[in-house]
Amino acid sequence: MTMPGAGAVLTWNFGSIIMDHPINEIYGNQMKRMSSTRRGLLLLTALTMAGATQAQGTFPDKPIRIVVPFAAGGGTDNWARVFAGRLSTRLGQPVVVENRPGAGTQLGAATVAKAPADGYTLLFTSTTHIQQAALSTNLPYDTVRDFAPIGQLGTTGLVFVVHPQVKANNMKEFIEEAKANKSWSLGTYATASAGDVFSRAFIQDNGLNLPVVAYKGESAAITDVLGGQVQGGIFSIPSVKGLVKDGRVKALGSLSTGRIASMPDVRSLADQGYPRYRSSGVWLSLFAPAATPQPVLAKLTQAAHAITRDAEFQREWADRDLQVDWRAPADFRKDIDADMKTWAELIRSLGIKPQ
């Protein structure tokens, strides 16, 4: 290599470098018959591949960032932080949770989709991630092609709560009261979320005129429910369970398929005569940028799966009303494809136009 002066062109003597490199021991006389340029390109390719293999073999050798597309303090943020602590212990590197709320989880997802595909930037998100595709026409990423699923980690339920000033104690009474209060509105934790779509469906099916206000996460939406700026909304069980217990909000019904163990007095909407509003749960999952090398994805999947099998971790999430429910990448990919079709059909049936 010749070091040039200012303004000169940097050049390499590929011939002398390649002939002295150990790669000759592999390719022998074939290397000698190549032009110096071709030999140089082969060497660079070999060194690049060797460097990539070495990097994957030592992964991780620096901190990992988990992006949560919701504001701090909500259910998804809390679950992510518990998981991040476990992942850090298992991989031997710091794992930092970064909240990137905005545009109904699109901002955080786009951050990961555009990040270097090296396994050091991951997305911890909910079912809202795939629901965005049904309600948005200009996503800054492709929900399927731009992400590699590491695995589904768990599921949780949803419950409809209202401010204590709302007199209703069940869904039928709420409908009657809402029709008489034209200034009421509902809040939701993200556009295109399960809470958003089920709220819109309930409003439409029962002839109500309630705007649905989308927030950047559950904590902001619930704060406005507590303050009376919005009268209620559909939220994750862990985010409102304590508030229900303290009487700061009232739970009028759940979207679960049966009674909730931690809230046994709350009847499901299906049990109250609204069978359409039934959900097996909201999933929580981990993704990486799509081009992440397979050995890195495999190591992350192995670590995540091991965490979900840990009894103490299962108890930690259960205490937060989150059930560990592992789905391997291939199976989870099939679930995503099926769920995206289901949500697209639901959106069309409601007459909601993607924006």
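Reading the values: the criteria
Residues numbered from 1 in each chain as written. Predicted model: local features only at pLDDT ≥ 70, side-chain atom pairs only at ≥ 80, totals over all residues. Heavy atoms only, no water. Core = buried A, V, L, I, M, F, W, Y, C linked by side-chain atoms within 4.5 Å. Buried < 20%, exposed > 50% of the residue type's maximum accessible area, 1.4 Å probe, protein only. Helix = DSSP H or I, 4+ residues; strand = E, 2+ residues; numbered from the N terminus. Pairing = 2+ DSSP bridges. Axes fitted to C-alpha atoms, helices over the stretch in contact; angles between N-to-C directions. Contact = heavy atoms within 4.5 Å. Polar contact = N/O pair within 3.5 Å; in protein donor to acceptor, adjacent residues only side chain to side chain. 1 Å grid on protein atoms, 1.4 Å probe; cavity = no way out; pocket = protein on both sides within 12 Å on 5 of 7 lines; lining within 4 Å. Points joined across faces, edges and corners; volume = space filled by probe spheres on them. Nonpolar A, V, L, I, M, F, W, Y, C, P; charged D, E, K, R; others polar.

With respect to the nonpolar core
I66, F83, F124, F174, F202 and W317 are the most contacted members of the largest nonpolar core, which totals 85 residues. When residues of this core are assigned to their parent elements, the largest contribution, seven residues, is made by helix α5 (residues 75-91).

Some words on the sheet that holds strand β5 (residues 158-162)
The strand order across the open sheet built from five strands is β7-β6-β8-β5-β9, with neighbouring strands paired in mixed fashion. Every interior strand has two partners, whereas the edge strands, β7 (212-214) and β9 (250-254), have only one. Geometrically, the sheet is characterised by an average inter-axis angle of 30° between neighbouring strands, direction not taken into account. Inspection of the sheet shows strand β6 (residues 186-188) paired to β7 by three bridges, in the parallel sense. If you follow G187 over to β7, its bridge partner there is V213. Against the sheet, helix α10 (residues 218-227) engages β5, β6 and β8 (232-236), with an angle of about 145° to β8.

Describing the side chain of S193
You can see S193 is positioned in the loop between β6 and α9 (194-205). Residue class for S193 comes out buried when judged on its relative accessible area of 0%. Of note is the side chain of S193, whose polar atom sits 3.2 Å from the side chain of T188. Within polar-contact distance, the side chain of S193 engages the backbone oxygen of A190 at 2.7 Å. Look past the residues within four positions of S193 in its chain and what remains in contact with it is T128, Q131 and T188.

Describing empty space enclosed by the protein
Following the criterion strictly, the structure yields two cavities of 30 Å³ or more and no others. Of the voids in this model, the largest cavity is the one considered here, and its volume is about 110 Å³. Forming the walls of the largest cavity are 14 residues, and the residues nearest its centre are T76, W79, Y189, E218 and S236. Listing elements by their share of the lining of the largest cavity, those giving two or more residues are α5 and β10 (282-289). The element best represented in the lining of the largest cavity is α5, accounting for three residues. Considering only residue class, the lining of the largest cavity consists of six nonpolar, seven polar and one charged. Roughly 50 Å³ of internal volume is contained in the second largest cavity. Every residue along the wall of the second largest cavity is listed here: F160, M171, L186, F198, S199, F202, I234, L255, L269 and Y277. Looking at side-chain class alone, the lining of the second largest cavity contains nine nonpolar, one polar and no charged residues.

Considerations on the pairing of β8
Most of β8 is tucked away: five of the five residues are buried. In this structure, β5 lies alongside β8, joined through five bridges in antiparallel fashion. Across the sheet, the residue bridging to V161 is G233, located in β8. Where β6 lies against β8, two bridges are found, and the strand directions are parallel. Residue pairing in the sheet places G187 in a bridge with G233 of β8.

Observations regarding the environment of K114
Here K114 lies in the loop between α6 (106-113) and β3 (121-126). Judged by relative accessible area, K114 falls into the exposed class, the value being 60%. Counting along the chain gives 27 residues from K114 to Y141, while the straight-line C-alpha distance between them is 8.4 Å.

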